[in-house]
Amino acid sequence: MAPYKSTCYELRKAVKLAKKRYREKVELNLSNNDSRSVWQGLKMITDYKRPPLTMAADSTLVNELNAFYARFEVSDDERTHKSHDMKNIKQHAVDLTLDPDTAQPHLILSADGKQVEHGNTRQNLPNTPKRFNHAACVLGREGFSSGKFYYEVQVKGKTTWDVGVAKESVNRKGDIYLRPEYGFWTIWLRDGTYWANAGPAVPLTLKGKLQTVGVFVDYDAGLISFYDADCWNHIYSFTHVTFTEKIYPYFSPSHNEKGTNSAPLIISPVHVCPIK
């Protein structure tokens, strides 16, 4: 009986180790944006089998991906439900302004507190505990410790930016790390690619270029969701988050880049449609 138990133990141990190594491999492929290897992993996990194709290798990959994602196409009823979700979410729109006491000294805020851009000159501002002194970012003046809220940010004309939420206790001095374990839940644009900073970062596939980002937070449910607010497509969600303190909207217009990224981030008014 003892050899049998020993064998079972060793087998369970080997399976656990294999799962761990495979998970690490998938995460590495995601962080390296290796879509081909990620696709192979998805096929293995879902046991998806494509019909025989007689196409070139590159087009085969594209068609396989299309066939895979077509399995998740929504029905008309689901589209209607999605529209009501939009209306319900927008009912939680809040009127935000930027907090100048948190703004990194290179950032220039508009008089109404709705726009932020990166300037070429560092302003002489007091280095208070609230202020980010290195990273080019700013928090919203309004913080939240319960309930739901939604806001929209115009990112039109920008080549680099970050948008999301942050815990009140995040580090504000020196370099910061935009990952959940450090109290940040964000998405960003870098080198033409959109990413969710989930640790490891997840590349996002969108139907077009983002002009306005919608951010919805359900504090009590531990949910942060991002949307393309112009066509109401879901971008990414952080789920099962345990909040233990006040959180604030987070904005970074990133660096000016000699004028190529000079457009401001703009907190946009949310147009709420009545629920019918």
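Residues numbered from 1 in each chain as written. Predicted model: local features only at pLDDT ≥ 70, side-chain atom pairs only at ≥ 80, totals over all residues. Heavy atoms only, no water.

## A closer look at the overall build of the protein chain
The following threshold applies: Numbered from the N terminus, helices here are DSSP runs of H or I no shorter than four residues, and strands are runs of E no shorter than two. Buried residues are those whose accessible area, probed at 1.4 Å on protein chains only, stays under 20% of the maximum for their type, while exposed residues exceed 50% and partly exposed ones sit between those limits. Throughout, a residue-residue contact means that at least one pair of heavy atoms, one from each residue, lies within 4.5 Å. Only the protein chains shown count as cover for residues, with accessible areas throughout obtained via the Shrake-Rupley method and a probe of 1.4 Å.
A tally of helices and strands in the protein chain yields 4 helices and 13 strands. With 276 residues in all, the protein chain has 39% of them scored as buried. Sequence-distant contacts, at least 24 apart, represent 64% of the contacts inside the protein chain between residues at least 6 apart. Element-wise, carbon and sulfur atoms account for 54% of the exposed surface of the protein chain, whose accessible area totals about 16,000 Å².

## Considering the nonpolar core
Definition in use: The term nonpolar core refers to a set of buried residues drawn from Ala, Val, Leu, Ile, Met, Phe, Trp, Tyr and Cys, joined through side-chain atoms within 4.5 Å.
Ranked by internal contacts, the top residues of the largest apolar core, which has 38 residues, are Tyr151, Trp161, Val213, Ile224 and Phe251. Listed in part, the 11 residues of the second largest apolar core include Ala135, Leu139, Ala166 and Ile176.

## Overview of the pairing of strand S5 (residues 161–167)
Every regular strand shows the same layout, with side chains that alternate between the two sheet faces. To keep things clear, this is the line we draw: Any two strands are treated as partners once DSSP identifies two or more bridges connecting them.
Counting buried positions over the 7 residues of S5 gives 6, a clear majority of the element. In this sheet, strand S6 (residues 184–190) lies alongside S5 in antiparallel orientation, the contact comprising 6 bridges. By the bridge assignment, Val163 is partnered in S6 with Ile187.

## A look at unusual backbone geometry
Here the bond from Gly199 into Pro200 is cis, since omega is 5°, no more than 30 degrees from zero. By the secondary structure assignment, Pro200 is in the loop between strand S7 (193–196) and strand S8 (202–204). At Asp191, a position not held by glycine, the phi torsion is positive, near 50°. On the secondary structure map, Asp191 appears in the loop between S6 and S7. Take Asp191: its relative accessible area is 80%, and that puts it in the exposed class. Even without being glycine, Glu257 reaches a positive phi, approximately 55°. Topologically, Glu257 is positioned in the loop between strand S12 (247–252) and strand S13 (265–268).

## Topic: the pairing of strand S9 (residues 212–218)
Along S9, 7 of the 7 residues are buried, which leaves the element largely enclosed by surrounding structure. With burial as the criterion, each face of S9 is covered, one bearing Thr212, Gly214, Phe216 and Asp218 and the other bearing Val213, Val215 and Val217. Relative to S9, strand S4 (residues 148–154) runs antiparallel, the two being bridged by 7 bridges. Bridge pairing in S9 links Val153 to Val213. The sheet contact formed by S9 and strand S10 (residues 223–228) spans 6 bridges and is antiparallel. Of the residues in S10, the one forming a bridge with Gly214 is Tyr227.

## Some remarks on the confidence of the model for the protein chain
Reading fine detail from the predicted coordinates is not recommended where pLDDT is low. Keep this limit in mind: A residue's pLDDT is the confidence the predictor assigns to it, expressed on a 0 to 100 scale.
Summarising the model, the protein chain shows a mean pLDDT of 84, and 73% of its residues fall at 70 or more. Counting interchain partners and residues more than four positions distant, the pLDDT-below-50 stretch residues 52–59 has 6 contacts. Low pLDDT, under 50, characterises residues 77–81; the stretch is placed with 3 contacts to residues that sit more than four places away or in other chains.

## Quick word on the pattern of salt bridges
Heads up, the rule is: Between Lys or Arg on one side and Asp or Glu on the other, a salt bridge is scored when a side-chain nitrogen of the former is within 4 Å of a carboxyl oxygen of the latter.
Enumeration over the complete set of coordinates arrives at 5 salt bridges. The salt bridge partner of Asp162 is Arg190, with a shortest N-O separation of 2.9 Å. Here Asp162, found in strand S5, pairs with Arg190, found in strand S6; they are 28 residues apart in sequence, far enough to count as distant. Given the relative accessible area of 23%, Arg190 is considered partly exposed. Linking Arg179 and Glu181 is a salt bridge whose minimum nitrogen-to-oxygen distance equals 3.0 Å. Assessed through its relative accessible area of 29%, Arg179 is described here as partly exposed.

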